[in-house]
Structure formats: structure tokens, C-alpha cells
Amino acid sequence: MNTNSGDQLKAAAQTGDIDLLYTVIHHDPWILENIDSIPFVETPLHIAASLGHIRFAIEIMNLKPSFALKLNPQGFSPVHLAMQNDQKRMLSRFVDMNKDLVRVKGREGLTPLHFASQIGEVELLAEFLTACPYSIEDVTVKGETALHIAVMNNQYEALDLLVSFLRKNFMRSARMIQDKILNWKDEDDNNILHIIAQRNFEPQAIGLLLKIGINLKAKNLENKTALDMTANVDIRSILLCAGGKSNSQITNPPTLSHNLRSNTSVRDKVTTCIFRTGSNILEEQRNTWLIVATLVATATYQSALSPPGGIYQVSASDGINVNITSSNSTISTPNNAGKSVLSAPEFFMFLFLNMTSFIVSIIAIVIMIPRGTIDVVVGFPVLSFALSYLFSMLKISPIFEDTTIVLLFVLLLSIYFFWVFAAFSRVYYHLKPVIAKKLNR
């Protein structure tokens, strides 16, 4: 890149002259490529963004999209410079062309979202969050979120917008992200509440945070809670009314190492087994097996409603006389109504085989359901479905009349199915390396 071409390119960026840009490119076709090879450099896009030459900036972005991610020697991208020079229309066009520019980290890890939070530009904040919702997760080199920055710069409206976004967004794992960002700690382990208490921020901000469940018992590196740090009477009163505690009133929770080293309970073993089995299933296998398990569960449930040979039916005839009829005979006792026509040994065999298929398929469905919030939503109807199946089988059973026998049977059956599941898991882990070895051949 010769000096004359560089000066002309700079002049084109300063005046927004697209014709001059292509004149320079005509004389030096490699000029933009040479600029791009420099790690930290002021590109024509930096200059155009600072001065608000929108058409020129868009032309450069079309020719060299990587310029939008470049940092100049001062550590700022074109988007940062557009914000510093209040070029709002330029910012909108940048975000329209590439929404990920909202997450470009400049000096000290500041993103455009952080900068908008710092200066209290709520409309820009709303635009950035709408275009790139996951930008809310970005933190600076000091471990500060956009919420920390809003509080530190006394930008209540910006904090209100950020908190409202956390409550209303539809991102994947939105609830998890909300809890993580709301209770995020900076390099001094201060969450937003600690900073509010320190700086005597707007007291109503605490009410805003309490609505979405900020942790009032969080401690920083000095082992202090927000209540320990505040000297503001109003803030202290709000924290006390909300259940805030001082350091001396809080028992430290078990550490991660303590939890990992603690004795493994039966529940832990079962949960670990389920999660391990689920994590080793490929997505294609998961979809196929989920369909198969659902079909098996549906078919076995249907057989509980219509067992082999049918059930004794009730027909009203001759006034108050009630006749109980089956496919083979008419029985005079009403106690058999709704019971299976199978004999006790036959029904027990049918019950054992049918319930084995049903419970194993339900366990498979539970394992196949992806982990997250949705597994609770889906798990509840699956459990209800299993209980209704058990109720149906007990109602048509001719062998379970005594409640004690029913409870004992359910207990023994539950133990049996857990044993079957554990056995299948052990077989699976033993056979997995052998199967993988054969497949690799």
C-alpha cells in the first residue's frame, strides 16, 4: 500500500466519497486487503462511522465485512466510535447488517450494549437487545454485566429496561439466563444489590430486583451481604422487609467440593444413572427411541382398557334386577362388574408382562426427554399417564381386592422395575465399548 493511495482512501472516508473510493481501489486493488492484514488499525470504516457517512460505511462493509470487527489502536471498533459520536442512524444500519456487532468487545471488554447502558441510551439498549438478545450475557474484563454498569453510572431507566428484558424475553434457557445475569458477581464478588447498597442508588431499584428474585444473601469477597454494606436508611429498611440478612445471620452453604465428596445416596445413584444414559444417546437415536417408547406405552395402556377376553359388563333389565354378563356367561353378582374375565393366574401373567412393557417404556421416555425446564412440563403429564394406567389395571384386576395387597404389589413391582433398569444400564455400559469397536471396523 503506497502512501498516496492511503491518503486518498482516508480522504474518501472523511468526505464519504464512494467514487473516490473506487478510484483508489482501481489504482491499488490490494489496498483494503493490506489494511485488513494489520491486527489493530484505523480502517476507512472507523472514519466513516465516526463522521456519520452511512452510504460510504455500508459500501465498505459490503466490500470488507471484517472491517466492522476491527479494533483501532485505541481499542475501539467502528460501532464503538459511532456510539461515541452519537451516530444513531449509523448504529441502526450496522445492527441491521450484522446483529452480532452488538457483541463486539472493545477496550476493557466493553461492548456497544455496555456503552449504551453506561450513557443511559434506553432506545439503543432496546434496539440492541431486540436484535441480539444473548448480548445480555456479555461481561467486561472486570466481570461487570450491563446491569452492573447501569447501576454504577446511576442510570435507573437503563437498569429498568434491562431487568424488564430479562423478565419478558423468549430466549432459549431464558429463566436460567435471567437468574445467572441477575445474580452475576463482578471481580470483587459484588452483585447488583451490593453496588446499589454501596452507591445509595435509587431505592425503588431494589423493589425492581426483588420482583424477579435476586439473592439477598449473596456475599462478596469481604464476606459481606448487601445489608452489611448499606448506610442508607431507606435501602436498609427495604432489605430488612424483604428478608435480607447480615453476614452473621447466614450459614455458609456447602462448598462444591463438599457436595462432590459427600456420600452417594440411592437417589443420587438413580439420577446419575438416568443422566449418564441420556447423555450417551445421539440425537438421531433419541428421536427414534422416543417414538418407539411412546408407541409401546400407548399400546400397553390401550390393552389395560381392553384386556384379552374383555371385562364383565353390566346390563339393566327387568326393573331393579341387574344381570352381569360376559362373553361366555351371565353372572348374578354385581361385584364382578368392570373386572377382567381372565382367571387370577391368567390375569397375573398378563399384568406382569403388560406392566413390564409399560413401565420400561415410561422410563425410556423420561430418559429421552431433553434436560431443562421443558422436562418438568412434559414429565408431569407422563407421570399422570403412568398413574392412570396403574389405576386402570387395579380396577379391572380380579385378584386385588385388599388395599394392603395392592400396596405390597406396587412396592414389589417398583423394586423390580428399578432392578431391571439398573441391570439394563450395567449391560449397556459393558457392551458399549464392544459395540463401538465392531462398528469402527
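(A) Just the overall build of the protein chain, in detail. Scanning the protein chain from N- to C-terminus turns up 22 helices and 3 strands. Within the protein chain, residue pairs in contact and separated by at least 24 positions form 69% of the contacts whose partners lie at least 6 positions apart. About 25100 Å² of surface is accessible on the protein chain, with carbon and sulfur atoms providing 58% of the total.

(B) Local environment of unusual backbone geometry. Of note in this structure, Glu 108 is not a glycine but carries a positive phi near 60 degrees. Along the chain, the position of Glu 108 falls in the loop between α7 (88-97) and α8 (112-119). Judged by relative accessible area, Glu 108 falls into the partly exposed class, the value being 47%. Backbone geometry places Asp 189, a non-glycine residue, at a positive phi of 65 degrees. With respect to the secondary-structure elements, Asp 189 resides in the loop between α12 (174-182) and α13 (192-199). Among the residues examined, Asp 189 registers a relative accessible area of 27% and is labelled partly exposed.

(C) Geometry of the packing of helix α9 (residues 122-131) against helix α11 (residues 156-168). Running from amino to carboxyl end, α9 crosses α11 at an angle of 20 degrees, the nearest separation of the two axes being 9 Å. Looking at the two axes, α9 sits roughly parallel to α11. The interaxial crossing formed by α9 with α11 has right-handed handedness. Between α9 and α11, the residues in contact are Val 122, Leu 125, Ala 126 and Leu 129 and Glu 157, Ala 158, Leu 161, Leu 162 and Phe 165, respectively.

(D) Summary view of the environment of Ser 388. One can find Ser 388 in helix α21 (residues 373-396). Residue Ser 388 is classed as partly exposed on the basis of its relative accessible area of 26%. Spatially, the C-alpha atom of Ser 388 lies 9.1 Å from that of Tyr 301, the residues being 87 residues apart in sequence.

(E) Inspection of the packing of helix α19 (residues 283-305) against helix α20 (residues 344-368) at higher detail. Between α19 and α20, the shortest axis-to-axis distance is 8 Å and the interhelical angle comes to 145 degrees. Relative to α20, α19 is oriented so that their crossing is left-handed. Together, Arg 286, Trp 289, Leu 290, Ala 293, Thr 294, Val 296, Ala 297, Thr 300, Tyr 301 and Ser 303 of α19 and Phe 350, Asn 354, Ser 357, Phe 358, Ser 361, Ile 362, Ala 364, Ile 365, Ile 367 and Met 368 of α20 make up the contact between the two elements. Looking at the contact of α19 with α20 residue by residue, the classes come out as 13 nonpolar, 6 polar and 1 charged.

(F) Region of the structure containing the nonpolar core. Among the nonpolar cores identified, the biggest contains 74 residues, and Phe 94, Ile 136, Leu 147, Leu 159 and Ile 196 are the most heavily contacted of them. With residues up to four places along the chain from it excluded, the contact list for Phe 94 reads Leu 45, Ala 49, Ala 57, Met 61, Pro 78, Val 79, Ala 82 and Leu 101. Ranked by size, the runner-up nonpolar core spans 18 residues in total, among them Ala 304, Leu 342, Ile 365 and Met 393.

(G) Spotlight on the confidence of the model for the protein chain. Scored by pLDDT, the protein chain comes out at a mean of 79, with 78% of its residues at no less than 70. Of the regions scoring below 50 in pLDDT, residues 316-333 engages in 29 contacts with residues more than four places distant in sequence or in other chains. Every residue in residues 434-441 is under pLDDT 50, and counting partners more than four places away or in other chains gives 0 contacts.

(H) Fine view of the side chain of His 46. Considering the arrangement of structural elements, one finds His 46 in helix α4 (residues 44-51). At 3.1 Å, the side chain of His 46 forms a polar contact with the backbone oxygen of Phe 76. If we skip the residues at most four places from it in the chain, His 46 touches Val 41, Phe 67, Lys 70, Leu 71, Asn 72, Phe 76, Ser 77, Pro 78 and Leu 81.

(I) Examining a nonpolar patch on the surface more closely. A surface patch of nonpolar side chains, amounting to about 390 Å² of accessible area, comprises Phe 348, Met 349, Phe 352 and Leu 353. Within the fold, Phe 352 resides in helix α20.

(J) The arrangement of the pattern of salt bridges in detail. One pass over the structure, following the stated rule, counts 7 salt bridges. In this structure, Lys 88 and Glu 121 form a salt bridge, with 3.3 Å as the shortest nitrogen-oxygen distance. Of this pair, Lys 88 sits in helix α7 while Glu 121 is found in the loop between α8 and α9, placing the two residues 33 residues apart along the sequence. The partner of Lys 180 in a salt bridge is Glu 137, with the nearest N and O atoms 2.7 Å apart. Separated by 43 residues along the polypeptide, Lys 180 in helix α12 and Glu 137 in the loop between α9 and α10 (146-152) bring together distant segments of the chain. Classification of Lys 180 as partly exposed rests on a relative accessible area of 37%.

(K) Region of interest: α9. Leu 124, Leu 125, Phe 128 and Leu 129 are the residues of α9 that are buried. When α9 is viewed along its axis, its buried side chains cluster within an angular range of 130 degrees and face the same direction. Exposed residues lying more than 90 degrees from the buried face of α9 are Glu 123 and Thr 130. Buried residues along α9 sit against α6 (78-84), α7, α8 and α11.

(L) Spatial organisation of the environment of Met 61. Mapping Met 61 onto the fold places it in helix α5 (residues 54-63). With a relative accessible area of 7%, Met 61 lands in the buried category. Separated by 33 residues in sequence, Met 61 and Phe 94 have C-alpha atoms that sit 8.9 Å apart.

Definitions and cut-offs
Residues numbered from 1 in each chain as written. Predicted model: local features only at pLDDT ≥ 70, side-chain atom pairs only at ≥ 80, totals over all residues. Heavy atoms only, no water. Helix = DSSP H or I, 4+ residues; strand = E, 2+ residues; numbered from the N terminus. Contact = heavy atoms within 4.5 Å. Areas by Shrake-Rupley, 256 points an atom, 1.4 Å probe, with all protein chains shown as cover. Buried < 20%, exposed > 50% of the residue type's maximum accessible area, 1.4 Å probe, protein only. Axes fitted to C-alpha atoms, helices over the stretch in contact; angles between N-to-C directions. Parallel < 35°, antiparallel > 145°, perpendicular 65-115°, else oblique. Left-handed = near helix turned anticlockwise from the far one by under 90°. Nonpolar A, V, L, I, M, F, W, Y, C, P; charged D, E, K, R; others polar. Core = buried A, V, L, I, M, F, W, Y, C linked by side-chain atoms within 4.5 Å. pLDDT = per-residue confidence, 0-100. Polar contact = N/O pair within 3.5 Å; in protein donor to acceptor, adjacent residues only side chain to side chain. Patch = residues over 30% accessible without salt bridge, like charges linked within 9 Å, V, L, I, M, F, W, Y side chains within 5 Å. Salt bridge = Lys/Arg side-chain N within 4 Å of Asp/Glu carboxyl O. Arc of directions from axis to C-beta.

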